[in-house]
Protein chains: 2
Amino acid sequence: MDTSYYHNFVTLVNTGNMTRAANRLHLTQPALSKQLRYLEAEFGTPLLHIRRGQRGSSFQLTEAGHIFYEKAKQLCAIEIAAYSDIEGLVHNAII
Amino acid sequence: MDTSYYHNFVTLVNTGNMTRAANRLHLTQPALSKQLRYLEAEFGTPLLHIRRGQRGSSFQLTEAGHIFYEKAKQLCAIEIAAYSDIEGLVHNAII
DNA sequence: TAACTTTACGAAGATCGTAACAATA
DNA sequence: TATTGTTACGATCTTCGTAAAGTTA
């Protein structure tokens, strides 16, 4: 599992719309949609209930989706901390 | 970055030897070696100092390596929790 | 029917394993 | 020189984007 999938899911939930999320992530909708379907297959359960219509679309997090969303945020935070902590170390060493 | 890279780095450090770690992970040494080099390139600094010789090899974690090791363990723990929490949810729903 | 998601499929890129090479106590 | 790690390179697999089809208020 690529960590970008966690990050992209968080962005998707925060954005509330797959098309706009894909634009923000510099991805196409099909790519992001496939990532979501991959996650749901990997975890064995739906994460979102998506409703489409003429006036736009919306979705609700399933119970599993809520859990995954929280875990994904934690995982992304740790990865970001890894980068920044190590970068801070390297930077200080140079000075 | 695939989360398996974090997991494999943790196993590498815990094993203390690239060949044995690769065997445990059902990977070849070259594949694991490339993963380490990828991580070092990605984070911009060496993570291990490896010493080779006739009687085997050993390595020391660099300072950045120590930080990465701790973060990698945390990240893996969160991913494992995501799987188990969601699986527990699905399992309970079935009952 | 408008707005959006999903599926199909070909192409580009990533990553593995095998084999050969390099390094060091 | 024995025991590792590293490079080179071809093959396989993955995942993206484009285009077409499907879905629903």
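Since the structure is predicted, the reported quantities are computational estimates derived from the model, not experimental observations.

J.: Would you explain the relation of the copies chain B and chain A in this entry?
T.: There are two copies of the chain, and a rotation about an axis plus a shift along that axis relates them. Overlay of chain B on chain A (RMSD 0.0 Å): rotation 180°, translation along the axis 0.0 Å. These values place the two chain copies in the arrangement generated by a two-fold rotation axis. Considering only C-alpha atoms, the residue of chain B closest to the rotation axis is B:Asp2, which sits at 2.0 Å.

J.: Can you help me understand the packing of aromatic side chains in this one?
T.: Centre-to-centre distance and the angle between the planes together describe a pair of aromatic rings. Inspection of every chain in the model, using the stated rule, returns 10 aromatic pairs over all chains. Centre to centre, the rings of A:Tyr5 and A:Tyr38 are 5.6 Å apart; their planes meet at 85°, and the pair counts as edge-to-face. Here A:Tyr5, found in helix 1 (residues 3-15), pairs with A:Tyr38, found in helix 3 (residues 29-43); they are 33 residues apart in sequence, far enough to count as distant. When its relative accessible area of 23% is taken as the criterion, A:Tyr5 is described as partly exposed. Here the aromatic rings of B:Phe9 and B:Phe68 are separated by 4.9 Å at their centres, their planes lie at 75°, and the arrangement is edge-to-face. Of this pair, B:Phe9 sits in helix 1 (residues 3-15) while B:Phe68 sits in helix 4 (residues 63-94), and the two are 59 residues apart along the sequence. Look at B:Phe9 and you get buried, because its relative accessible area is 2%. Grouped by ring-pair contacts, the aromatic residues A:Tyr6, A:Phe9, A:Phe43, A:Phe68 and B:Tyr83 constitute a single cluster.

J.: Even after reading the chapter, I still don't get the pairing of strand 1 (residues 48-53) of chain B, so can you show me in this structure?
T.: Residues in a regular strand project their side chains so that they alternate between the two faces of the sheet. All names here are of chain B. Bridge analysis of strand 1 against strand 2 (residues 56-61) gives 6 bridges, and the strand direction is antiparallel. By the bridge assignment for strand 2, Ile50 is matched with Phe59. Remark: 2 residues form the turn of the hairpin made by strand 1 and strand 2, two consecutive strands paired antiparallel.

J.: What is the right way to read the environment of B:His7 from this model?
T.: All names here are of chain B. Mapped onto the secondary structure, His7 falls in helix 1. Counting along the chain gives 71 residues from His7 to Ile78, while the straight-line C-alpha distance between them is 12 Å. Not counting residues within four places of it along the chain, the set of residues in contact with His7 comprises Leu25 and Cys76.

J.: Help me out: how do you make sense of the UniProt feature "domain: HTH lysR-type" (unreviewed entry) in chain A in this one?
T.: UniProt marks residues 1-57 of chain A with the feature "domain: HTH lysR-type" (unreviewed entry), using the numbering shown here. Secondary structure content for residues 1-57 of chain A is 61% helix and 7% strand, and the end C-alpha separation is 27 Å.

J.: Whenever I open this one, the protein's contact with DNA strand D confuses me. Can you help?
T.: Looking at DNA strand D, there are 23 residues lining it, with A:Arg52, B:Thr19, B:Ser33, B:Arg52 and B:Gln54 nearest. A breakdown of the atoms of DNA strand D within 4 Å of the protein gives sugar and phosphate a share of 70%. Taking A:Thr28, its side chain carries an N or O atom lying 2.9 Å from a phosphate oxygen of DNA strand D. Measuring from a phosphate oxygen of DNA strand D, one finds a side-chain N or O atom of A:Gln35 at 2.7 Å. Among the elements of the structure, helix 3 of chain A together with helix 2 (18-24), helix 3 (29-43), strand 1 and strand 2 of chain B are those that each provide at least two residues to the surface near DNA strand D. Its residues placed into classes, the surface near DNA strand D shows 7 nonpolar, 13 polar and 3 charged.

Calculation criteria
- Residues numbered from 1 in each chain as written.
- Chains lettered and ligands numbered in written order.
- Predicted model: local features only at pLDDT ≥ 70, side-chain atom pairs only at ≥ 80, totals over all residues.
- Heavy atoms only, no water.
- Least-squares fit on C-alpha atoms with pLDDT ≥ 70 in both.
- Phe/Tyr/Trp six-rings, centres within 6.5 Å; stacked < 30°, edge-to-face > 60°.
- Helix = DSSP H or I, 4+ residues; strand = E, 2+ residues; numbered from the N terminus.
- Buried < 20%, exposed > 50% of the residue type's maximum accessible area, 1.4 Å probe, protein only.
- Pairing = 2+ DSSP bridges.
- Contact = heavy atoms within 4.5 Å.
- UniProt positions renumbered as here; feature names shortened; annotations may be inferred.
- Near = heavy atom within 4 Å.
- Polar contact = N/O pair within 3.5 Å; in protein donor to acceptor, adjacent residues only side chain to side chain.
- Nonpolar A, V, L, I, M, F, W, Y, C, P; charged D, E, K, R; others polar.

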